[in-house]
Amino acid sequence: MGSKTALRRIQLIPELQKKYNIFTHIDNSAAEKVLPDDSANSNAPLSHLVAGIKDNIVTKDMPTTCGSKILLDYMSPFDATCVKLLRDAGALLVGKTNLDEFGMGSTGIHSYFGPVRNPLFPNENAVAGGSSSGSAAAVAAGATDFALGTDTGGSVRLPAAYTSTLGFKPSYGRISRFGVIAYAQSLDTVGILAKDLSVLRKVFGVLDKYDERDPTSLSNKLRDAISDRRVKRSTYRIGIPKEFVQGSMAKELMEPLSNFLEKLMKQGHELYPVSMPSMKFALPVYFTISPAEAASNLARFDGIRYGTRSEKGDLEDGTLFSPTRDAFGQVVKDRMVLGNYNLCSEAFKDSYIRAQRLRVKTIDEFDSIFRFPNLLTGSKGNDAGLDLILGLTNDGPPQSIDHYHEEKVSSPINEYKNDIFVTPMSLAGLPVISFPLKRDAPLGVQFAGQYGDDSTVLDACSLLV
Ligand code: GLN
């Protein structure tokens, strides 16, 4: 890839933006930053690769809004670690990508900047999935070679599936969260979307580093211990949790899925049905823990430390900060109410603590079925266990934007259902990649590996897809 391809992508951006509403901010000077092919820097690992950055990751030369009115025009005084690493590696950052406000949503319709439209269906006004909607649309439409997203409970994988692109969520702690505006800090990860697996792997190679500024960054000691245990395989033991294969699976998924499974068996991989009973709790557990963390994290947007201060007096209706905090969108407000409720003394034990217990149970269940040890929990690994878990990412094609506005489906629960297959891995911090079953079709499948075993997930994807 050289300067010509980079320039071509950059030239396409204004037109693609009009069609799909991919960006919240475009760097209009990007074309001038394309280096000639023979410049000294052209050997940098990501040289001439055009990138979009989800707009909840801070950049010092472009605003960071989180898709929210409350952060309109907010300029960070520093770059997030992942942004700095990309710049140092020669990537061309062309803009900030649109998202569901603060990463909350699975459709891309909850942004102050309006909904993202899915480039796979140019005439249908279909959702691109969320919340890294703009990142997926940027890659799918060819505006960028890759884009960073964040995946708290599926937000890289679901839009990847809906736009027929690759979406990788690394193990929790592998990519620094320093400069990533927190939604739910025990779940937040930075992920990568791309069409080309070799590009995605190169980007991950650049970002997969310990960062002392992120207290949850995976230490070098653990990184080394994980690499020491790693075994490179040519065939894998792959489990398919029955909880992942739903009776309601869309017709268009059946045939490509069974063809793919057949292909795996022909290549000599062993497939096993497995049962993971705690998976059915993943969605309620996720929607108990994540809003609770969000309610605390979003308290800082009060117009004093962060956020646009309302012109109105902030005590006007007797509730401190309520005019300022009215700038949040409805979904964010709902989550804060839910989160604060889960943390209040009345509900704490029965909802928050119970959810945390079930989260531990989910992790234990994953630990019991993987062959690779979990160096975080101390699980030794099961010699007779699996290398990978395979499941669907989405259970059907994306709906239209209008569909989500219809009264009968506009309840938030309707949207939460999209996350059914993607939240279990988030609760356990596992590495997982979603890849398309068919070119240009919105049918995503995911491979998940044991905590820390990101290389197996990526190697398997190179080998099998
Ligand atoms: N759809 C989920 C939510 O709304 C996932 C979001 C994410 O991963 N950022 O919380």
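Here's what I pulled together on the structure shown here.

### A word on empty space enclosed by the protein
Evaluated as defined, the whole model comprises 3 cavities of 30 Å³ or more. Counted as a void, the largest cavity has a volume near 60 Å³. What lines the largest cavity is a set of 13 residues, among which Gly103, Gly105, Ser155, Tyr286 and Asp419 lie closest to the centre. Its residues assigned to classes, the lining of the largest cavity comprises 4 nonpolar, 7 polar and 2 charged. In this structure, the second largest cavity occupies an estimated 50 Å³ of space. Forming the walls of the second largest cavity are Lys54, Asn56, Gly103, Ser131, Thr150, Thr152, Ser155, Val180, Ile181, Tyr183 and Asp188.

### Overview of the pairing of strand S7 (residues 237-241)
Regular strands place their side chains on alternate faces of the sheet. In terms of residue burial, S7 counts as a mostly covered element, since 5 of its 5 residues are buried. Sheet topology note: the S7/strand S9 (residues 388-392) ladder contains 2 bridges and is parallel. Residue pairing in the sheet places Gly239 in a bridge with Ile389 of S9.

### Structural notes on the pattern of salt bridges
Counted by the stated rule, this structure contains 22 salt bridges. The closest approach of N and O atoms between Arg157 and Asp151, which form a salt bridge, is 2.9 Å. For Arg157, a relative accessible area of 0% puts it in the buried group. Residues participating in the shared-partner salt-bridge network are Arg174, Asp208, Arg223 and Asp454.

### With respect to the site of the ligand
Taken together, the neighbourhood of the ligand is formed by 14 residues, with Gly153, Ser155, Tyr183, Tyr286 and Asp419 sitting nearest. One of the backbone N or O atoms of Thr152 is found 2.8 Å from an oxygen atom in the ligand. For the ligand, whose unbound accessible area comes to 290 Å², protein coverage reaches 99%. More than half of the atoms belonging to the ligand lie within 2 Å of the grid points that define the largest cavity. Its residues placed into classes, the shell around the ligand shows 3 nonpolar, 8 polar and 3 charged.

### Examining the packing of aromatic side chains
Note on aromatic pairs: each is described by the distance of the centres and the angle between the planes. For the structure shown, the criterion picks out 13 aromatic pairs. Between Phe78 and Phe178, the aromatic rings sit 5.2 Å apart at their centres with planes inclined by 25°, giving stacked as the arrangement. Of this pair, Phe78 sits in the loop between strand S2 (50-54) and helix H2 (81-88) while Phe178 sits in the loop between strand S5 (166-169) and strand S6 (189-194), and the two are 100 residues apart along the sequence. Residue classification places Phe78 among the partly exposed residues on the basis of a relative accessible area of 35%.

### Examining the state of the cysteines
This model, assessed by the stated rule, comprises 0 disulfides. With no disulfide of its own, Cys82 lies 13 Å from the sulfur of Cys66, the closest cysteine sulfur. According to the relative accessible area criterion, Cys82 is buried, its value standing at 0%.

Analysis parameters
- Residues numbered from 1 in each chain as written.
- Predicted model: local features only at pLDDT ≥ 70, side-chain atom pairs only at ≥ 80, totals over all residues.
- Heavy atoms only, no water.
- 1 Å grid on protein atoms, 1.4 Å probe; cavity = no way out; pocket = protein on both sides within 12 Å on 5 of 7 lines; lining within 4 Å.
- Points joined across faces, edges and corners; volume = space filled by probe spheres on them.
- Nonpolar A, V, L, I, M, F, W, Y, C, P; charged D, E, K, R; others polar.
- Buried < 20%, exposed > 50% of the residue type's maximum accessible area, 1.4 Å probe, protein only.
- Helix = DSSP H or I, 4+ residues; strand = E, 2+ residues; numbered from the N terminus.
- Pairing = 2+ DSSP bridges.
- Salt bridge = Lys/Arg side-chain N within 4 Å of Asp/Glu carboxyl O.
- Near = heavy atom within 4 Å.
- Polar contact = N/O pair within 3.5 Å; in protein donor to acceptor, adjacent residues only side chain to side chain.
- Areas by Shrake-Rupley, 256 points an atom, 1.4 Å probe, with all protein chains shown as cover.
- Sits in = over half its atoms within 2 Å of the grid points.
- Phe/Tyr/Trp six-rings, centres within 6.5 Å; stacked < 30°, edge-to-face > 60°.
- Disulfide = S-S within 2.5 Å.

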